[in-house]
Amino acid sequence: MRTQVGILGAGPAGLKLSLLLAQRGVESVVLEARSRQAIEQTIRAGVLEQGTADLMRELGVHRRMEKLGEEHEGIEFRFRGRGRRIPLKELTGKCVTLYAQHEVIKDLVAARLAQGGEILFSVQDVSLEAIDTERPRIRFRRDPDAPFELLECDFIAGCDGFHGPSRATIPESARQEFVKTYPMGWLGILTQAPPSSRELIYCNSDRGFALVSTRSPEIQRMYLQVDADDDIRNWSDDRIWEELRLRLATEDGWEPIEGPILQKSIVQMRSFVCAPMQYGRLYLAGDAAHIVPPTGAKGLNLAVSDARVLAEAIARYYRDGSDHLLQRYSAICLRRVWKAERFSYFMTQMLHRFSEHSPFEREIQLAELDYITSSRHGLATIAENYVGLPIEWDT
């Protein structure tokens, strides 16, 4: 097999890259380890930055997003029993769109297949070869009993997540990995109930962090901070609702609207960056290169940002014969990645309870929340990061 760009992974980065390349007249083949059903049914939250939502419109995959998603013009920080609103649109002219990641995946897969694009699902035993040459190859099987096949490419995009083979193919001597593990996880639930709030609520309470989000008019998503090594079996539905009521309580008696819990799980919290994000003809994007804690709502958006930069760099190579932008791919992406890591770290530190904090440090944390939500400059700092910083092409 032969194509111009071989893409590993049918997540937000890989699918957006494939669509962007097609828009620019560049061929690609996407290989995905899971089935189409699996990637379209894996429930993950989705807060789309303004730029991510605009790209959905640019690619013509926005109709379901505009029908099922919700634009939010603000978010709320809640502490000491009171809420303070951060008016995103008023401060930046931009907003965010709540639209679950698996819904985004459905839209992207359908659009790429409708174009006649090739997505190979459920491929196995994937490995990369000759990535430091002008003809890198992807070796894979379509099923366990099938013979190996080779996909020869000009470039390989490693959009295959943290555990995929792409990053591991780069020699350890040629990459540096930065890791931060947090002592907490998020217990997330899907509940069948009407929205408890018009906008997201990020709550810092004496009992720990809580988040009120939404999925649709009928299904809501909420989170609780728990210990990193906690077991979901320790959390009955009654205990979850009691803890949400206690953490989210306000002076005016506000309570979340309860309903049957349809799904619950615990997600670990960590930060990770691989630098550089390229080696030879292999370019990493999305979770293969970086992971952020969910507090800043940046994971999906960083993946899309990587895809935009890589698509433009590859298109320029074919159009002008110039590899200048390809050479700068890591520098451009990592500048935005580290700013997103900084914001996610800042939000995590400011909104969660840490067992090692002294009473003094606890009061400092609350004073920071009070300051940041009382100052227009503080509010603007949160707002411009939350709606998404621009790609800085000039490094």
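The notes below deal with the structure included here.

So, how was this worked out
Residues numbered from 1 in each chain as written. Predicted model: local features only at pLDDT ≥ 70, side-chain atom pairs only at ≥ 80, totals over all residues. Heavy atoms only, no water. Pairing = 2+ DSSP bridges. Helix = DSSP H or I, 4+ residues; strand = E, 2+ residues; numbered from the N terminus. Polar contact = N/O pair within 3.5 Å; in protein donor to acceptor, adjacent residues only side chain to side chain. Contact = heavy atoms within 4.5 Å. Buried < 20%, exposed > 50% of the residue type's maximum accessible area, 1.4 Å probe, protein only. Phe/Tyr/Trp six-rings, centres within 6.5 Å; stacked < 30°, edge-to-face > 60°.

1. Points about the pairing of strand S17 (residues 261-275)
Logical step 1: Bridging between strand S13 (residues 176-192) and S17 involves 13 bridges; their strand directions are antiparallel. Bridge pairing in S17 links Thr191 to Ile261.
Logical step 2: Sheet topology places S17 next to strand S20 (residues 290-291); two bridges connect them, and they run antiparallel. Across the sheet, the residue bridging to Val273 is His290, located in S20.

2. A closer look at the side chain of Glu76
Logical step 1: Here Glu76 is to be found in strand S5 (residues 75-79).
Logical step 2: Within the structure, Glu76 has its side chain in polar contact with the side chain of Arg78 (distance 2.8 Å).
Logical step 3: If we skip the residues at most four places from it in the chain, Glu76 touches Gly83, Arg84, Arg85, Leu200, Ile201 and Tyr202.

3. Points about the environment of Ile119
Logical step 1: Structurally, the position occupied by Ile119 is in strand S8 (residues 118-120).
Logical step 2: On the basis of relative accessibility, which here comes to 9%, the residue Ile119 falls in the buried class.
Logical step 3: As a C-alpha pair, Ile119 and Arg84 span 35 residues in sequence and 46 Å in three-dimensional space.
Logical step 4: Not counting the four nearest positions on each side in its chain, Ile119 is found in contact with Leu15, Val30, Val109, Arg112 and Leu113.

4. A few points about the packing of aromatic side chains
Logical step 1: By the definition in use, this model includes 13 aromatic pairs.
Logical step 2: Measuring from centroid to centroid gives 5.1 Å for Phe155 and Tyr317, while their planes differ by 90°, and the two rings are edge-to-face. Note that Phe155 is positioned in strand S12 (residues 155-158) and Tyr317 in helix H9 (residues 299-320), a separation of 162 residues in sequence.
Logical step 3: Note on Tyr283 and Tyr329: the rings are 5.7 Å apart at their centroids and 80° apart in plane angle, and the pair reads as edge-to-face. Remark: Tyr329 occurs in helix H11 (residues 329-351) and Tyr283 occurs in strand S19 (residues 282-284); sequence separation between them is 46 residues.
Logical step 4: For Tyr283, a relative accessible area of 5% gives the class buried.
Logical step 5: Cluster of aromatic residues (ring-pair linked, three or more members): Phe77, Trp186, Tyr202, Phe209, Tyr223 and Tyr386.

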